[in-house]
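Working through the structure, step by step
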Amino acid sequence: MIVLGIDPAIRTTGYGVIELTPSGKCKILDCGVIANAARVPHTECLRRLYGGIEELISLWHPDHAALEEPFVGKNAKTAIILGMARGGILSALVNHNIPAFAYNPSVAKRAATGHGGADKSRIAFLLSAEFNISVDQIPLDSTDALALALCHIQRMQYPELDGNTGKPL
């Protein structure tokens, strides 16, 4: 099983691809960022997000996707922009019939580190140790996405874990 973890944002969307091998081991296949400069119009950002997710799907053929549940603060404009980013990402997933699930960030961080409030550098450090890769190979903006993918795999393997799988999207 291959899971594509996605931490959506209009300017810096993190992604992580983790495979659960037939032997029951996990390995990181890829991680990185789909970046859009501040001066790029939102419509162009959406085109790039959609295209970036399409490329990842073509390359890795994920079975599932795990996204971060949106955090809606007091700024409605930020929530709308995040919704646009999620829509572009979900459109690419839907076009390929890839089931998507949403997880609370603290649940994903707890799955990766044992602590729901872990920061990005702590997640990168622990994932690098767990998967025997250099911490330099894990961009900080992809750490939450990797945690999401790992969280989903754990929930698929062990449905008795708190809350089963994430919320289907």
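You'll find the structure just up there.
This report concerns the structure included in the present document.

Basis of the calculations
Residues numbered from 1 in each chain as written. Predicted model: local features only at pLDDT ≥ 70, side-chain atom pairs only at ≥ 80, totals over all residues. Heavy atoms only, no water. Helix = DSSP H or I, 4+ residues; strand = E, 2+ residues; numbered from the N terminus. Rg over C-alpha atoms; globule rule 2.2 N^0.38 Å. Buried < 20%, exposed > 50% of the residue type's maximum accessible area, 1.4 Å probe, protein only. Contact = heavy atoms within 4.5 Å. Lys, Arg positive; Asp, Glu negative; His and termini not counted. Charge placed at Lys NZ, Arg CZ, Asp CG, Glu CD. Pairing = 2+ DSSP bridges.

Some points on the overall build of the protein chain
Counting its secondary structure elements, the protein chain contains 5 helices and 6 strands. The helix and strand sequence of the protein chain, counted from the amino end, reads β-β-β-α-β-α-β-α-α-α-β. The globule rule puts the C-alpha radius of gyration for 169 residues at 15 Å, and the 15 Å found for the protein chain is close to it. In terms of overall dimensions, the protein chain has C-alpha extents of about 45 × 30 × 30 Å along its principal axes. With 169 residues in all, the protein chain has 46% of them scored as buried. Residue pairs at least 24 apart in sequence account for 65% of intrachain contacts in the protein chain once pairs closer than 6 positions are excluded. Computing the positive centroid from 15 side-chain charges and the negative centroid from 16, the protein chain places the two 7 Å apart.

Things to note about the pairing of strand E4 (residues 64–68)
Extensive coverage of E4 is indicated by the burial of 5 of its 5 residues. For E4 and strand E5 (residues 100–103), the ladder comprises 4 bridges, and the chain directions are parallel. When the bridges of E5 are listed, Ala 66 appears paired with Phe 101.

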